[in-house]
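Structure assessment
Residue strings, one per chain:
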Amino acid sequence: QVQLVESGGGLVQPGGSLRLSCAASVASGFSLDYYAIGWFRQAPGKEREGVACHSTGDGSSYVADSVKGRFTISRDNAKNTVYLQMNSLKPEDTAVYYCATFCHVREVSSWGQGTQVTVSS
């Protein structure tokens, strides 16, 4: 399995922006081009949910309805990194954000430490 590291979280005011990164470790020896990459989040008191995903089969991507128009997913192949650009952040976006090499929550058997996003005034 590819070792992924999430980063870029922090404290931001409502309406602000953050860019999260999901980077494959150099030691993994794999390019993320071989994998679908999904972003997920778990808010306090709520179930973990999918946020966005970019697949490799047909190059398609999707964004959850709750963040559509505000979040975008992209890849930088040179840096072996997948990004989640988050704009117009709302307090309900507060969660720990994770990435994984799957597009659906139930397909993921192991989660990393994630990165905390807190949206508050």
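Going by the structure above, here's the rest.
A short tour of the structure in this document, coming up. Treat the numbers as computed from the prediction; the structure is a model and nothing was measured.

The subject of this paragraph is the nonpolar core. Ranked by internal contacts, the top residues of the largest apolar core, which has 26 residues, are Leu-4, Trp-39, Val-51, Phe-71, Leu-84, Met-86 and Tyr-97. Of all the secondary-structure elements, those providing two or more residues to this core are β3 (18-24), β4 (37-42), β5 (49-54), β7 (71-76), β8 (81-86), β9 (95-100) and β10 (115-119). With four residues, the top contributor of residues to this core is β3.

Turning our eyes to something else, we now look at the environment of Phe-71. Looking at the element boundaries, Phe-71 is found in strand β7. Beyond its immediate stretch of four places on either side in the chain, Phe-71 contacts Arg-41, Val-51, Val-63, Leu-84, Gln-85, Met-86, Asn-87, Leu-89, Asp-93 and Tyr-97.

Moving on to the sheet that holds strand β1 (residues 4-7). Judged by pairing direction, the sheet is antiparallel, and its four strands sit side by side in the order β1-β3-β8-β7 without closing on themselves. The open sheet has two edge strands, β1 and β7, and neither has a second partner. In this sheet, adjacent strand axes meet at a mean angle of 20 degrees when their direction is disregarded. The sheet contact formed by β3 and β8 spans six bridges and is antiparallel. Looking across to β8, one finds that Ser-21 is bridged to Tyr-83.

Rules used throughout
Residues numbered from 1 in each chain as written. Predicted model: local features only at pLDDT ≥ 70, side-chain atom pairs only at ≥ 80, totals over all residues. Heavy atoms only, no water. Core = buried A, V, L, I, M, F, W, Y, C linked by side-chain atoms within 4.5 Å. Buried < 20%, exposed > 50% of the residue type's maximum accessible area, 1.4 Å probe, protein only. Helix = DSSP H or I, 4+ residues; strand = E, 2+ residues; numbered from the N terminus. Contact = heavy atoms within 4.5 Å. Pairing = 2+ DSSP bridges. Axes fitted to C-alpha atoms, helices over the stretch in contact; angles between N-to-C directions.

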